[in-house]
Amino acid sequence: MLVTGGTGLLGWSLVERLAGRGFEVYATYHATRPPKIEGVSWVRVDFSDPHEAGPLVKSLRPEVVVHTAAYTDVDGCEVNKNLALNVNYVSTRELARACRGVCEYFVYVSTDYVFDGEKGLYRESDDPNPLNYYGLTKLMGEVAVAAALRDYLVLRTSGIYGCSPGGKRGFALDALSKLSRGRTVEAFVDQFLSPTYAPDLAGAILRILEARPRGVLHVAGERVSRYGFAVELARVLGVSEDLVKPASIASAVLKARRPRDSSLDTSLARSMGLEVRPLRDALRAFAGECAEYAR
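> How should the packing of aromatic side chains be read in this particular structure?
By convention here, two paired aromatic rings are described through the distance between centres and the angle between planes. Tallying each qualifying case throughout the model produces 9 aromatic pairs. Measuring from ring centre to ring centre gives 6.2 Å for Phe 171 and Phe 229, while their planes differ by 50°; the resulting arrangement is tilted. Of this pair, Phe 171 sits in helix 6 (residues 170-180) while Phe 229 sits in helix 8 (residues 226-237); the two residues are 58 residues apart in sequence, bridging distant segments of the chain. In textbook terms, an aromatic cluster arises when at least three aromatic residues are bridged by ring pairs, as seen for Tyr 161, Phe 171, Tyr 197, Phe 229 and Phe 286. A cation sits over an aromatic face here: Lys 81 above Tyr 133, 5.2 Å from the ring centre. When the ring centre of Phe 171 is taken as origin, the NZ or CZ atom of Arg 226, which lies over that ring, is 5.4 Å away.

> Got a minute to help me understand the environment of Ser 110 in this structure?
The topology assignment puts Ser 110 in strand 5 (residues 105-111). For the pair Ser 110 and Ser 251, spaced 141 residues apart in the sequence, the C-alpha separation amounts to 28 Å. The residues touching Ser 110, leaving out its near neighbours within four places in the chain, are Lys 138, Glu 142, Val 154, Leu 155, Arg 156 and Thr 157. Looking at Ser 110, its side chain comes within polar contact range of the side chain of Glu 142, at 2.7 Å.

> Mind showing me how you'd approach the layout of surface pockets here?
Using a probe with the size of a water molecule, rolled over the atoms, empty space left in the structure can be pinpointed. A volume near 220 Å³ is recorded for the second largest pocket. Considering the residues around the second largest pocket, the lining is formed by 17 residues, among which Ala 220, Gly 221, Glu 222, Thr 266 and Arg 270 are closest to the centre. Residues belonging to the lining of the second largest pocket are distributed by class as follows: 7 nonpolar, 4 polar and 6 charged.

> Sorry, what's going on with the side chain of Ser 13 here?
Inspection of the secondary structure assignment puts Ser 13 in helix 1 (residues 9-20). When neighbours within four sequence positions are excluded, Ser 13 is seen to be in contact with Ala 198, Pro 199 and Ala 202.

> What is the right way to look at helix 4 (residues 81-99) in this model?
Side chains of residues three or four places apart in an α-helix project in the same direction, reflecting 3.6 residues per turn. Over its 19 residues, helix 4 extends 26 Å from the first C-alpha to the last, a length consistent with the 27 Å expected when each residue adds 1.5 Å. Considering bend angle alone, the principal kink of helix 4 is centred on Val 87 and spans about 30°. Within helix 4 the residues assigned to the buried category are Ala 84, Asn 86, Val 87, Asn 88, Tyr 89, Val 90, Ser 91, Thr 92, Leu 95, Ala 96, Ala 98 and Cys 99. Those residues of helix 4 hidden inside the fold are in contact with strand 1 (2-4), helix 2 (53-60), strand 4 (64-67), helix 3 (74-79), strand 5 and helix 5 (133-148). Just beyond helix 4, the residue with positive phi is Gly 101, at close to 75°.

> How do you make sense of the nonpolar core when you look at a structure like this?
Core analysis: the largest hydrophobic core is formed by 33 residues, its most contacted members being Leu 209 and Val 219. Elements with a minimum of two residues in this core: helix 1, strand 2 (25-29), strand 3 (40-44), strand 4, strand 5, strand 6 (152-157) and helix 7 (198-211). With 7 residues, the top contributor of residues to this core is helix 7. Tyr 71, Ala 84, Val 87 and Ala 96 belong to the second largest nonpolar core, which has 29 residues in total.

> Teacher, can you tell me more about the packing of helix 8 against helix 10 (residues 279-289) here?
For any two helices packed against each other, the geometry comes down to the angle between their axes and how far apart the axes lie. Close contact between helix 8 and helix 10 brings their axes to 9 Å; oriented N to C, the two are set at 60°. Taken together, the axes of helix 8 and helix 10 lie oblique to each other. Here the hand of the crossing between helix 8 and helix 10 comes out right-handed. Contacts between helix 8 and helix 10 involve Phe 229, Glu 232, Leu 233, Arg 235, Val 236 and Leu 237 on the former and, on the latter, Leu 279, Arg 280, Leu 283, Arg 284, Phe 286 and Ala 287. The residue inventory of the contact of helix 8 with helix 10, partitioned by class, reads 8 nonpolar, no polar and 4 charged.

> Where do I start with the pattern of salt bridges in this structure?
A pair can form between side chains of opposite charge whenever their charged atoms are brought close. Using the criterion set out here, one finds 17 salt bridges in the structure. Put simply, Asp 75 and Arg 258 hold a salt bridge, and the shortest N to O gap is 2.6 Å. Of this pair, Asp 75 sits in helix 3 while Arg 258 is found in the loop between strand 13 (244-247) and helix 9 (267-271), placing the two residues 183 residues apart along the sequence. According to the relative accessible area criterion, Asp 75 is buried, its value standing at 18%. The class of Arg 258 is partly exposed, set by a relative accessible area of 21%. In this structure, Asp 265 engages Arg 123 in a salt bridge whose closest nitrogen and oxygen atoms are separated by 3.7 Å. Of this pair, Asp 265 sits in the loop between strand 13 and helix 9 while Arg 123 sits in the loop between strand 5 and helix 5, and the two are 142 residues apart along the sequence. Relative accessible area serves as the criterion here: at 44%, Arg 123 is assigned to the partly exposed category.

Each value, and the rule that gives it
- Residue positions are given per chain, counting from 1 as you read along its sequence in written order.
- Confidence filtering applies because this is a predicted model: local features only for residues at pLDDT of at least 70, side-chain atom pairs given and counted only at 80 or more, and all residues used for totals across whole chains, interfaces and linings.
- As a convention, hydrogens and water are excluded, and side-chain values are obtained from all of the structure's heavy atoms.
- A pair of Phe, Tyr and Trp rings is counted when the ring centres sit within 6.5 Å of each other, with Trp represented by its six-membered ring. The angle between the planes then sorts it: under 30 degrees is stacked, over 60 is edge-to-face, the rest tilted.
- Comment: elements are numbered from the N terminus, with helices defined as DSSP H or I runs of at least four residues and strands as E runs of at least two.
- We count a charge as sitting over a ring when the NZ of a lysine or the CZ of an arginine lies within 6 Å of the ring centre and within 35 degrees of the ring normal.
- In this description, contact between two residues means that some pair of their heavy atoms is separated by no more than 4.5 Å.
- For this analysis, a polar contact is any N or O atom pair within 3.5 Å, provided that within protein one partner can donate a hydrogen and the other can accept it, and provided that sequence-adjacent residues contribute only side-chain to side-chain pairs.
- Lining residues are those with an atom within 4 Å of a point, where the points come from a 1 Å grid over the protein atoms alone and group into cavities, where a 1.4 Å probe fits but cannot get out, or pockets, open sets with protein on both sides within 12 Å along at least five of seven lines.
- Grid points are joined across faces, edges and corners, and a volume is the space filled by probe spheres set on the points.
- Lys, Arg, Asp and Glu make up the charged group, whereas Ala, Val, Leu, Ile, Met, Phe, Trp, Tyr, Cys and Pro make up the nonpolar group; the residues left over, Gly among them, are polar.
- Here, expected helix span is obtained from the residue count minus one, scaled by 1.5 Å.
- Two axes are fitted around each residue, one to the seven residues ending there and one to the seven starting there, and the angle between them is reported as the bend at that residue.
- Here the term buried applies to any residue with accessible area under 20% of the maximum for its type, exposed to any over 50%, and partly exposed to those in between, with areas from a 1.4 Å probe on protein chains only.
- We call a set of buried residues a nonpolar core when its members are Ala, Val, Leu, Ile, Met, Phe, Trp, Tyr or Cys and they connect through side-chain atoms within 4.5 Å of each other.
- To define axes, lines are fitted to C-alpha atoms, for helices over the stretch in contact only, and angles between the resulting N-to-C directions are given on a 0 to 180 degree scale.
- In what follows, roughly perpendicular refers to angles from 65 to 115 degrees, roughly parallel to angles under 35, roughly antiparallel to angles over 145, and oblique to any angle outside these ranges.
- Left-handed describes a crossing whose near helix is turned anticlockwise from the far helix by less than a right angle; the clockwise case is right-handed.
- The term salt bridge refers to a pairing of a side-chain nitrogen on Lys or Arg with a carboxyl oxygen on Asp or Glu at a separation within 4 Å.

Everything listed here is a matter of geometry and, on its own, says nothing about what the molecule does.
Okay, here's the thing in structure tokens:
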């Protein structure tokens, strides 16, 4: 197994689970070398240099690749377009091309931000129409994988949250930190998505690796606004919901446009037994498992 982005929120959870199942795992990292995990060999790779992707596959010759590495700073992608293009598209293309005749299966983790957010609860068959450069580069990655390989899955998800030694903090972890201290959190009432707890998505990927579906699949949590997410987290923590202050994305000053409702329809995944926990259950787990990272 090769897992790119092994120190990210999803990658870390996936690497731990694969190693626990006895797989031989190679995982990539970019900056600080991560803690040791038995059964995991860490490989430093900089996907901003597309020339590193192909040799990685050729040297390791993995049977399965799960490509979670990405430049996910939405506003950053709008400013650093060349970096976003190299990481999210060109390196993905080179990775997929190198897998021809080598890898048995390739999973590319994509995003709800390939959609424009005009309707929400998007199905796999809906036409993408990204509003920002991040979404565009991830969509280009989808196209590159589909063009290069036959045995692949584009796995779209939404609002991944969780914690890991090298993963970004993000809205959920910041909210957990503030609410745990009795501080207020501002959250958009008019932006909807399908927040997905990283360990739950990692568990779904394990089942995907057994069944090996092809094409495009949406695996994500329940549709909720960012405000509703934060209120539910306050309830789980047993603190006042009044700590969550409503804000509007319509009046926010952001470098990149965000979809108003990029929530995903996951009925196809559910029909395959690929469900994630309900929001409240996932948030209970998140609050307990990520408490130390929220300090």
